[in-house]
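# Analysis of the macromolecular model
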Amino acid sequence: MPNPKYKIQKTELLSDNWYILNRVTVDYQKKDGTWDTQKREVYDRGNGAAILLYNTHKGTVVLTRQFRLPTYINGNKTGLLIEVCAGLLDEDDPVACIIRETEEETGYRLSSVRKVFESYMSPGAVTEILYFFVGEYDASMKVSSGGGLDQEHEEIEVIEIPFEQAYLMIETGEIKDAKTIMLLQYAKINQLIPHTTRLADDYINE
């Protein structure tokens with residue numbers, strides 16, 4: 001049921017060059033019963049999904065690193081961002097999307113994943129809901145080198161590191177991506193991955 005205290009009066013298209021940017025005029029009823037009007041720009045890029053790949057035997061997680069232009073513009077000197085695997089739904093259901101994106105970006109073909117929560121990521125301006133998943137991986141699931149799709153101009157580096165090291169990278173500032181922080185914290189709180197003190201170099205040539 002729509003909230004009767006909010007009435008959308010007009011939606012104006014500002015841009016559909018990539019996704020949809022609208023200016024929305026909405027009337028809303030205040031606590032004293034009077035009505036006011038607001039105009040807000042709303043960006044609709046569809047919904048998405050993200051996943052933390054983890055290996056309980058090795059105590060590792062699989063992350064990605066790629067160039068993100070908006071971060072480069074806003075203070076990220078290299079423009080490179082370490083993230084969990086993620087992608088837009090593109091009309092798929094969230095499970096199908098994240099299984100597809102996992103194989104495209106990391107090269108791991110998962111048969112099952114588990115949804116753990118969902119979240120509006122930037123509710124002041126963006127409509128997107130992100131669906132969060134976790135999934136176990138092992139070497140037998142590796143079917144390609146990953147790296148993303150050429151036609152989407154993706155150049156993604158796949159990183160496998162100990163979970164405890166990844167979690168520490170939140171504190172050091174090496175990981176600044178919100179969805180990645182949220183999934184690493186979920187894994188920590190729910191003790192998905194046994195504690196390990198092994199370093200990243202231990203996994204070279206394994």
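Parameters and conventions
- Residues numbered from 1 in each chain as written.
- Predicted model: local features only at pLDDT ≥ 70, side-chain atom pairs only at ≥ 80, totals over all residues.
- Heavy atoms only, no water.
- Helix = DSSP H or I, 4+ residues; strand = E, 2+ residues; numbered from the N terminus.
- Expected span 1.5 Å × (residues − 1).
- Buried < 20%, exposed > 50% of the residue type's maximum accessible area, 1.4 Å probe, protein only.
- 1 Å grid on protein atoms, 1.4 Å probe; cavity = no way out; pocket = protein on both sides within 12 Å on 5 of 7 lines; lining within 4 Å.
- Points joined across faces, edges and corners; volume = space filled by probe spheres on them.
- Polar contact = N/O pair within 3.5 Å; in protein donor to acceptor, adjacent residues only side chain to side chain.
- pLDDT = per-residue confidence, 0-100.
- Contact = heavy atoms within 4.5 Å.
- Patch = residues over 30% accessible without salt bridge, like charges linked within 9 Å, V, L, I, M, F, W, Y side chains within 5 Å.
- Areas by Shrake-Rupley, 256 points an atom, 1.4 Å probe, with all protein chains shown as cover.
- Salt bridge = Lys/Arg side-chain N within 4 Å of Asp/Glu carboxyl O.
- Pairing = 2+ DSSP bridges.
- Axes fitted to C-alpha atoms, helices over the stretch in contact; angles between N-to-C directions.
- Parallel < 35°, antiparallel > 145°, perpendicular 65-115°, else oblique.
- Left-handed = near helix turned anticlockwise from the far one by under 90°.
- Nonpolar A, V, L, I, M, F, W, Y, C, P; charged D, E, K, R; others polar.
- Phe/Tyr/Trp six-rings, centres within 6.5 Å; stacked < 30°, edge-to-face > 60°.
- Lys NZ or Arg CZ within 6 Å of the ring centre and 35° of its normal.

## Some details on helix 4 (residues 178-189)
Look at helix 4: 16 Å from first C-alpha to last across 12 residues, which is about the 16 Å you get at 1.5 Å a residue. Within helix 4 the residues assigned to the buried category are Lys-179, Thr-180, Ile-181, Leu-183, Leu-184, Tyr-186 and Ala-187. Where helix 4 ends, the next residue or the one after it, Gln-191, has phi of about 50°, a positive value.

## Here's the deal with the layout of surface pockets
In this structure, the largest pocket occupies an estimated 1,700 Å³ of space. Looking at the lining of the largest pocket, the element that brings in the most residues is strand 6 (residues 80-83), giving 4 residues.

## What to know about the environment of Glu-164
Checked against the element boundaries, Glu-164 lands in helix 3 (residues 163-172). A C-alpha to C-alpha distance of 53 Å links Glu-164 and Thr-34, two positions 130 residues apart in sequence. A distance of 3.0 Å separates polar atoms of two side chains, one belonging to Glu-164 and the other to Lys-188.

## Points about the confidence of the model for the chain
Confidence in the prediction of the chain, expressed as mean pLDDT, is 91, and 91% of residues score 70 or more. Long-range and interchain partners of residues 199-206, a stretch whose pLDDT sits below 50, account for 12 contacts in this model, where long-range means more than four residues apart.

## Side note on a nonpolar patch on the surface
Where nonpolar side chains cluster on the molecular surface, the patch consists of Phe-67, Leu-69, Tyr-72, Ile-73 and Leu-80 and spans about 530 Å² of accessible area. Broken down by element, the residue count for the nonpolar patch peaks at 3 residues, all from helix 1 (residues 69-73). Inspection of the secondary structure assignment puts Leu-69 in helix 1.

## Observations concerning the pairing of strand 1 (residues 6-15)
Both strand 1 and strand 2 (residues 20-29) contribute to a ladder of 8 bridges, which runs antiparallel. Counted as the bridge partner of Ile-8 is Val-26 from strand 2. Between strand 1 and strand 2, which pair antiparallel and follow one another directly, the connecting turn spans 4 residues.

## Some points on the packing of helix 3 against helix 4
Put simply, helix 3 and helix 4 touch, their axes get as near as 10 Å, and they point 130° apart. Judged by the inter-axis angle, helix 3 sits oblique to helix 4. As for the relative orientation of helix 3 and helix 4, their crossing is left-handed in sense. Listed contacts from helix 4 to Phe-163, Glu-164, Ala-166, Tyr-167 and Ile-170 of helix 3 are Ile-181, Leu-184, Gln-185, Ala-187 and Lys-188. For the contact of helix 3 with helix 4, a count of residues per class yields 7 nonpolar, 1 polar and 2 charged.

## Observations regarding the sheet that holds strand 2
The strand order 1-2-3 describes an open sheet built from 3 strands, whose pairing is antiparallel. The strands lining the two open edges of the sheet, one partner per strand, are strand 1 and strand 3 (35-44). The mean inter-strand angle of the sheet, taken between neighbouring strand axes irrespective of direction, is 20°.

## Regarding the packing of aromatic side chains
On inspection of all chains with the given rule, the structure shows 8 aromatic pairs. Note on Trp-18 and Tyr-19: the rings are 5.6 Å apart at their centroids and 75° apart in plane angle, and the pair reads as edge-to-face. On the accessibility criterion, Trp-18 (68% relative accessible area) is exposed. Ring geometry for Tyr-19 versus Tyr-43: centroids 6.4 Å apart, planes at 70°, classification edge-to-face. Here Tyr-19, found in the loop between strand 1 and strand 2, pairs with Tyr-43, found in strand 3; they are 24 residues apart in sequence, far enough to count as distant. Members of the aromatic cluster, joined through ring pairs, are Trp-18, Tyr-19 and Tyr-43. Over the face of the ring belonging to Tyr-167 we find Lys-188, whose NZ or CZ atom lies 5.0 Å from the ring centre.

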